[in-house]
Protein chains: 2
Amino acid sequence: MTEVSAGPEPEYERVVSGYDTFHYAKPFECEWGGVLPELNLAWESWGELSEEKDNVVLLHTGLSASSHARSHDRNPHPGWWEDFVGPGCPIDTRRFFVICTNLLGGCYGSTGPSSTNPVSDVPYATDFPIITVQDMVRAQLLLLDHLGIDKLHASVGASLGGMQSLMLAAIAPDRVDRLVSISAAACSHPQSIAMRFVQRQAVMADPDWREGRYYGESFPHRGLRVAREMGTITYRSGPEWMERFGRKRASGKPPRLDEDFQVETYLAYQGDKFCLQYDPNSYLYISKAMDLFDVTDPKAGDDERVRQGGGLTDIRCPALIVGVKSDILFPVWQQRELASLMREAGVSVIYSEIDSPYGHDTFLIELETVGEPIRSLLE
Amino acid sequence: MTEVSAGPEPEYERVVSGYDTFHYAKPFECEWGGVLPELNLAWESWGELSEEKDNVVLLHTGLSASSHARSHDRNPHPGWWEDFVGPGCPIDTRRFFVICTNLLGGCYGSTGPSSTNPVSDVPYATDFPIITVQDMVRAQLLLLDHLGIDKLHASVGASLGGMQSLMLAAIAPDRVDRLVSISAAACSHPQSIAMRFVQRQAVMADPDWREGRYYGESFPHRGLRVAREMGTITYRSGPEWMERFGRKRASGKPPRLDEDFQVETYLAYQGDKFCLQYDPNSYLYISKAMDLFDVTDPKAGDDERVRQGGGLTDIRCPALIVGVKSDILFPVWQQRELASLMREAGVSVIYSEIDSPYGHDTFLIELETVGEPIRSLLE
């Protein structure tokens with residue numbers, strides 16, 4: 001695999017130790033009507049909480065990351081944002097108390113479809129309710145209540161995390177002093193919905209999926225592998241692959257229908273790795289939550305849901321919006337649109353556009369272009 | 001399905017009647033070393049062949065079309081280029097004798113994986129050899145030999161057909177007077193290879209695929225459906241879907257993991273329709289042939305194959321190259337690159353760039369912007 005490991009690679013290590021668990025013992029009502037009888041939220045932290053509890057930065061993750069944003073004594077593995085969070089880093093833990101949570105619906109310690117349903121004593125599977133980005137951040141607010149943190153110095157996230165960052169500032173404007181939203185959008189647009197839909201279809205087409213009730217049996221690995229291969233295409237960009245792989249073949253052998261070009265070996269590797277790290281049902285539910293995301297003003301006929309609060313017009317804190325020109329999952333016009341809608345709503349917006357070859361994954365890779373605007377906003 | 005049928009829709013009718021079959025009874029050696037003991041090529045024609053046999057326009061199809069480019073007495077169904085070919089149309093059958101063939105490797109009358117292998121008397125399945133775009137056009141040349149046609153007035157195609165159009169003029173420069181290549185490229189780039197690879201993986205991940213030996217049993221419909229859904233994303237564009245579907249839901253019911261938004265219903269419909277029309281193994285082999293396409297000069301280490309002839313530098317006839325700004329499968333920089341490489345090689349090139357919302361499928365939809373430059377070149 002030496003050829004395909006050339007070039008930077010995000011770390012998506014499965015981290016199943018060294019986190020704290022917040023247990024909420026009361027029923028949690030989800031936006032679309034389902035109820036979780038109780039919930040757990042896995043979280044990790046770095047730095048020291050000030051006496052006034054006024055130095056908190058809350059990190060929101062993308063679809064596939066755990067709460068392990070950075071290594072620490074209880075878990076020395078590098079985190080998914082290892083170089084962005086720490087002493088002297090853009091999110092400086094000498095000054096800030098940084099919290100990162102595993103998503104509601106996830107599989108790295110927070111309650112999700114693989115968790116045991118206390119009512120039935122078996123995993124929720126597809127009895128898990130439909131959840132939304134609003135549900136995810138409402139679960140985070142319960143954790144902040146528990147910790148006695150009234151107000152965040154900042155809410156920071158990229159991709160799905162960038163959606164959460166916006167949503168938190170929209171539903172709890174009194175509790176967020178500033179927000180960072182990277183490579184996200186004001187709503188999920190149909191092309192992104194289409195890309196995620198087909199990934200979900202790949203999982204659900206696998207006979208091993210069994211309507212989600214695969215726990216204790218073989219997992220739908222083939223389907224999840226295809227889904228992740230497709231996802232990987234949407235996370236990176238053509239120019240990067242042109243430079244990195246070109247039309248290089250993986251071997252000198254004659255072509256075949258299966259893996260052949262180096263770019264194919266790379267995709268297969270990403271797909272295989274992910275299968276061993278992620279619960280397929282978590283993938284379905286979190287992917288769906290991304291599709292449902294919309295903080296624009298409702299348009300008649302476009303969306304029948306009754307919003308419980310939480311639109312861009314509710315945001316009151318200053319915001320840093322970051323877009324990447326080569327992103328094909330959340331194309332840069334969507335971050336421009338987001339910045340523009342927020343300004344129209346009276347929000348003070350710094351908009352930063354990055355010209356990187358790394359597409360949607362740029363936030364995991366480019367420390368300077370992504371990190372420095374965050375540092376400026378936080379200070 | 002009224003909501004999803006709004007807007008133009010390409011016709012991909014399965015046409016299994018009204019074509020002629022050219023039978024070649026000798027072994028056909030494929031570029032990568034496999035041998036077909038014999039081959040059939042399905043073809044249809046429109047207009048009258050001139051006495052001098054000098055008014056022939058050869059049409060090359062994309063991956064999924066049959067030889068039925070236009071309706072005729074023996075098959076009145078509308079063809080895939082119904083409005084582009086005919087009396088008074090951009091490809092005017094009052095003047096030209098127009099031939100369209102089904103692809104070698106296809107499933108609409110030409111020899112492909114579903115054809116009976118005369119050696120074993122069962123379908124080839126995955127004993128079918130790896131084929132290339134060069135093999136496809138070499139089979140067409142055998143048909144032209146059979147018909148006594150020495151030279152084409154024009155070679156015309158889009159997508160995979162645009163690749164064939166280039167390849168034919170490259171391997172038989174004496175036999176092509178002018179060529180049209182729409183929404184194609186000088187070679188398949190890694191992002192396009194990646195998109196097709198994942199589609200093939202979706203088919204091959206379906207347990208019903210059975211290493212390709214599914215004939216007489218259940219077909220891998222679930223896998224092909226997912227593949228076509230993904231393909232459909234690459235054929236259209238975000239702006240069109242934004243206009244057509246927005247974030248409209250298919251019903252007023254609460255969200256669910258399966259089809260929900262209208263764009264999802266549309267994709268599912270496209271996937272279902274295709275499953276009933278196309279052989280999954282043909283899909284694999286033809287998709288692979290597209291990945292292998294390269295008429296650029298070989299770069300050291302990039303490609304180990306020994307080219308049997310056929311690069312851009314061999315082309316001698318004038319060419320019309322057409323690109324579409326919203327194409328995400330063959331992005332417009334690839335047609336610009338193609339036009340530029342051909343000019344460097346001394347070819348007279350007309351380059352036309354279309355600003356359409358229909359992405360890669362524009363050639364099936366926009367009669368004027370696509371058709372008129374073709375008409376000009378032909379006359």
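Each value, and the rule that gives it
- Residues numbered from 1 in each chain as written.
- Chains lettered and ligands numbered in written order.
- Predicted model: local features only at pLDDT ≥ 70, side-chain atom pairs only at ≥ 80, totals over all residues.
- Heavy atoms only, no water.
- Contact = heavy atoms within 4.5 Å.
- Salt bridge = Lys/Arg side-chain N within 4 Å of Asp/Glu carboxyl O.
- Polar contact = N/O pair within 3.5 Å; in protein donor to acceptor, adjacent residues only side chain to side chain.
- Helix = DSSP H or I, 4+ residues; strand = E, 2+ residues; numbered from the N terminus.
- Nonpolar A, V, L, I, M, F, W, Y, C, P; charged D, E, K, R; others polar.
- Buried < 20%, exposed > 50% of the residue type's maximum accessible area, 1.4 Å probe, protein only.
- Pairing = 2+ DSSP bridges.
- Axes fitted to C-alpha atoms, helices over the stretch in contact; angles between N-to-C directions.
- Expected span 1.5 Å × (residues − 1).
- Arc of directions from axis to C-beta.
- Core = buried A, V, L, I, M, F, W, Y, C linked by side-chain atoms within 4.5 Å.
- Least-squares fit on C-alpha atoms with pLDDT ≥ 70 in both.

Digging into the interface of chain A and chain B
- Across the contact, 59 residues belong to chain A and 58 residues belong to chain B.
- Across the contact surface, chain A and chain B share 6 salt bridges.
- Across the salt bridge formed by Asp294(A) and Arg247(B), the nearest N and O atoms sit 3.4 Å from each other.
- One can count 24 residue pairs in polar contact (both at pLDDT 80 or more) joining chain A with chain B.
- Elements with a contribution of two residues or more to the side of chain A that touches chain B: helix H3 (190-205), helix H4 (221-235), helix H5 (238-244), helix H6 (262-275) and helix H7 (280-292) of chain A.
- Split into classes, the residues belonging to the side of chain A that touches chain B amount to 31 nonpolar, 10 polar and 18 charged.

Examining the pattern of salt bridges
- As enumerated under the stated definition, the model contains 52 salt bridges over all chains in all.
- Notably, a salt bridge pairs Arg138(B) with Asp135(B), separated by 2.9 Å at the nearest N-O pair. Of this pair, Arg138(B) and Asp135(B) both sit in helix H1 (residues 133-147), 3 residues apart, which is roughly one turn of that helix.
- Judged by its relative accessible area of 23%, Arg138(B) falls in the partly exposed class.
- Using a relative accessible area of 0% as the deciding quantity, one classes Asp135(B) as buried.
- Ionic pairing is found between Glu372(B) and Arg375(B), a salt bridge with its closest N-O pair at 3.0 Å. Remark: Arg375(B) and Glu372(B) occur in helix H10 (residues 367-378); sequence separation between them is 3 residues, near one turn of the helix.
- Using a relative accessible area of 32% as the deciding quantity, one classes Glu372(B) as partly exposed.
- A network of salt bridges, in which partner residues are shared, links Asp206(A), Asp208(A), Arg210(A), Glu217(A) and Arg222(A).

Concerning the sheet that holds strand E11 (residues 319-324) of chain B
Residue and element names in this part refer to chain B.
- On the basis of which strands lie adjacent, the open sheet formed by 8 strands has the order E1-E4-E8-E5-E9-E10-E11-E12 and mixed pairing. Only two strands of the sheet have a single neighbouring strand rather than two, namely strand E1 (20-24) and strand E12 (349-354). Sheet twist, expressed as the average angle between the axes of neighbouring strands with direction ignored, equals 20°.
- Relative to strand E9 (residues 154-158), strand E5 (residues 56-60) runs parallel, the two being bridged by 4 bridges. Residue pairing across strands places Val 57 opposite Ala 154, the latter belonging to E9.

Here's the deal with H10(B)
Residue and element names in this part refer to chain B.
- Here H10 is 12 residues long and its end C-alpha atoms lie 16 Å apart, about the 16 Å a rise of 1.5 Å per residue gives.
- Inspection of H10 places Val 370, Gly 371, Ile 374, Leu 377 and Leu 378 among the buried residues, and these make up the whole buried set. For H10, the angular spread of buried residues about the axis comes to 125°, placing them on one side. Structural note: H10 exposes Glu 368 and Ser 376 on the side pointing more than 90 degrees away from its buried face.

Re the nonpolar core
- If you look at the biggest cluster of nonpolar residues, it comprises 191 residues, and the most contacted ones within it are Ile99(A), Ile315(A), Met342(A), Ile99(B), Ile315(B) and Met342(B).
- Apart from the residues within four sequence positions on either side, Met342(A) is in contact with Leu166(A), Leu179(A), Leu312(A), Ile315(A), Ala319(A), Ile321(A), Val347(A) and Val349(A).
- With 30 residues, the next largest nonpolar core counts Ile182(B), Leu320(B), Val322(B) and Phe363(B) among its residues.

Things to note about the relation of the copies chain A and chain B
- By a simple turn and slide, chain A fits onto chain B: the slide is 0.0 Å along the axis, the RMSD is 0.0 Å, and the turn is 180°. Taken together, these values place the two copies in the relation of a two-fold axis.
- Both copies contact each other with a shared surface, as 98% of the interface residues of chain A are interface residues in chain B too.

Points about unusual backbone geometry
- Positive phi is not limited to glycine here, since Ser183(A) has a value of about 50°.
- One non-glycine residue, Ala125(B), adopts positive backbone phi at about 50°.

Examining the side chain of Thr101(B)
All names here are of chain B.
- With respect to the secondary-structure elements, Thr 101 resides in strand E8 (residues 97-101).
- At a separation of 3.0 Å, a polar atom in the side chain of Thr 101 contacts the side chain of Gln 140.
- When residues no more than four places from it in sequence are discounted, the contact partners of Thr 101 are Leu 41, Ala 42, Trp 43, Leu 58, Leu 59, Thr 61, Ser 67, Gln 140 and Leu 143.

Some words on the sheet that holds strand E5 (residues 56-60) of chain A
All names here are of chain A.
- What the 8 strands build is an open sheet, ordered E1-E4-E8-E5-E9-E10-E11-E12; its pairing is mixed. Every interior strand has two partners, whereas the edge strands, strand E1 (20-24) and strand E12 (349-354), have only one. Direction aside, neighbouring strands of the sheet carry axes that sit 20° apart on average.
- Relative to strand E11 (residues 319-324), strand E10 (residues 179-182) is paired through 4 bridges, and the arrangement is parallel. Residue pairing across strands places Ile 182 opposite Val 322, the latter belonging to E11.
- Its contacts with the sheet place helix H2 (residues 160-171) against E5, strand E9 (154-158), E10 and E11, and it is angled at close to 150° to E9.
- Running at roughly 170° to E12, helix H8 (residues 332-344) makes contact with E10, E11 and E12 of the sheet.

These results come straight from atomic positions and should not be treated as a statement about function.
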